[in-house]
Amino acid sequence: MTEATDDTSIPQTPSLGGSAHVAEKLALAIHEHRILPGTKLSEDEVGEVFGVSRTVVRAALQQLSHDQLITLKRNRGAFVAQPSIHEAREVFEARALLEPRTARSAAERTTAADMVRLQTHIDAEHAALAAGDVGRAVYLSGQFHIEIARIAQQDTIREFITQLVARSSLIIALYWQRRSALCESHAHNALMRALVAHDGTLAEEVMQGHLLDLVSSLDLQNRAATPRSLHEVFGTR
């Protein structure tokens, strides 16, 4: 086991590549619900899991905090964010404002290459569901929505949607009462058909209905997740 070294006494420049790698791995695990809301991300444990110093760990945690995936609490450390019920409602209201119009724009601009990329996302999502990996399916579903914003060629809105999708992953981990909603929903296939037909009106309507269905699958009551250790998540013990 590689221990995280206390390098606070030695001036060092954080390894941007190293911290970016750690942040990316932690973010993916959070999005896939392998690391649950409320989990404490101990600097020592993160350092042990990835074999990096505290300097690298701190840089990674700062990035995740900037992305609103974790909360840094003074004298307590870093914790995976736990969106409140109020925040959950705000996030999906914001998505309902942005994404239907973005889907309309995407329908006007989509290409054959875009459709191939979207179908790849759908196929991967279905494979994850078939394997019983619901967290992975949720992550891929979110990436599908971000991909639509890319097709719409609305970079500023895509940044907002990317942040909202990340928050949605935490919300779903906490409040999802109907995990079968992914299996029941054919919205992504319906969106594909609207995009192929370049039917902006239909794409907007389908996206709006899809987001409403996602909200209906949430049980917005106070909940707490049961965290797992990082060693369990990444299989390092």
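This structure is a prediction, so every number in the text was calculated from the model and none was measured. (Residues numbered from 1 in each chain as written. Predicted model: local features only at pLDDT ≥ 70, side-chain atom pairs only at ≥ 80, totals over all residues. Heavy atoms only, no water.)

Colleague: Got a minute to help me understand the overall build of the chain in this structure?
Modeller: Assigned secondary structure in the chain consists of 11 helices and 3 strands. Listing every helix and strand of the chain by position from the N terminus yields α-β-α-α-β-β-α-α-α-α-α-α-α-α. Within the chain, buried positions represent 47% of all 237 residues. Put simply, of all contacts in the chain between residues at least 6 apart along the chain, 80% involve residues at least 24 apart. Just so you have it, the chain exposes about 12,000 Å², and 49% of that area is on carbon and sulfur atoms. (Helix = DSSP H or I, 4+ residues; strand = E, 2+ residues; numbered from the N terminus. Buried < 20%, exposed > 50% of the residue type's maximum accessible area, 1.4 Å probe, protein only. Contact = heavy atoms within 4.5 Å. Areas by Shrake-Rupley, 256 points an atom, 1.4 Å probe, with all protein chains shown as cover.)

Colleague: It is not clear to me how the sheet that holds strand β1 (residues 40-41) should be interpreted in this structure. Could you clarify?
Modeller: Strand pairing in a sheet takes place through backbone hydrogen bonds and is either antiparallel or parallel in direction. Strand order in the open sheet formed by 3 strands is β1-β3-β2, with antiparallel pairing between adjacent strands. Every interior strand has two partners, whereas the edge strands, β1 and β2 (70-73), have only one. Relative to strand β3 (residues 77-80), β1 runs antiparallel, the two being bridged by 2 bridges. Its bridge partner being in β3, K40 is matched across the sheet by F79. (Pairing = 2+ DSSP bridges.)

Colleague: What am I meant to see in the pattern of salt bridges here?
Modeller: Side chains that differ in sign of charge can pair as their charged atoms come close. Tallied over the entire structure, the rule returns 13 salt bridges. Among the salt bridges present, the one from D44 reaches R54, with a minimum N-O distance of 2.4 Å. Remark: R54 occurs in helix α3 (residues 54-66) and D44 occurs in helix α2 (residues 43-50); sequence separation between them is 10 residues. For R54, a relative accessible area of 15% puts it in the buried group. Residues participating in the shared-partner salt-bridge network are D114, R117, E147 and R150. (Salt bridge = Lys/Arg side-chain N within 4 Å of Asp/Glu carboxyl O.)

Colleague: Looking at this model, I keep getting lost on the environment of Q208. Mind explaining?
Modeller: Note on placement: Q208 falls in helix α10 (residues 200-216). By relative accessible area, which is 46% here, Q208 ends up partly exposed.

Colleague: Please clarify how the pairing of β3 should be interpreted in this entry.
Modeller: Regular strands place their side chains on alternate faces of the sheet. In this sheet, β3 lies alongside β2 in antiparallel orientation, the contact comprising 4 bridges. Opposite I70, over in β3, you have V80 as the bridge partner. Hairpin geometry of β2 and β3 is characterised by an intervening segment of 3 residues between the two adjacent antiparallel strands and by a positive phi of about 65 degrees at N75.

Colleague: Sorry if this is basic, but what is going on with the confidence of the model for the chain here?
Modeller: Across the chain, the average pLDDT comes to 84, with 82% of residues at or above 70. Low confidence marks residues 1-16, where pLDDT is under 50. Its contacts with residues over four positions away, or in another chain, come to 24 contacts. (pLDDT = per-residue confidence, 0-100.)

Colleague: I'm lost on the packing of aromatic side chains in this one. Help?
Modeller: Describing an aromatic ring pair means giving the distance of the ring centres and the angle of the ring planes. Per the stated rule, a full pass over the model turns up 0 aromatic pairs. Over the ring of F79 we find K73, and its NZ or CZ is 4.9 Å from the ring centre. (Phe/Tyr/Trp six-rings, centres within 6.5 Å; stacked < 30°, edge-to-face > 60°. Lys NZ or Arg CZ within 6 Å of the ring centre and 35° of its normal.)

Colleague: When you look at the environment of T201 in this model, what are you seeing that I'm missing?
Modeller: Relative to the helices and strands, T201 resides in helix α10. Note on T201: relative accessible area 39%, which makes it partly exposed. C-alpha of T201 to C-alpha of A103: the two residues are 98 residues apart in sequence and 8.9 Å apart in space.

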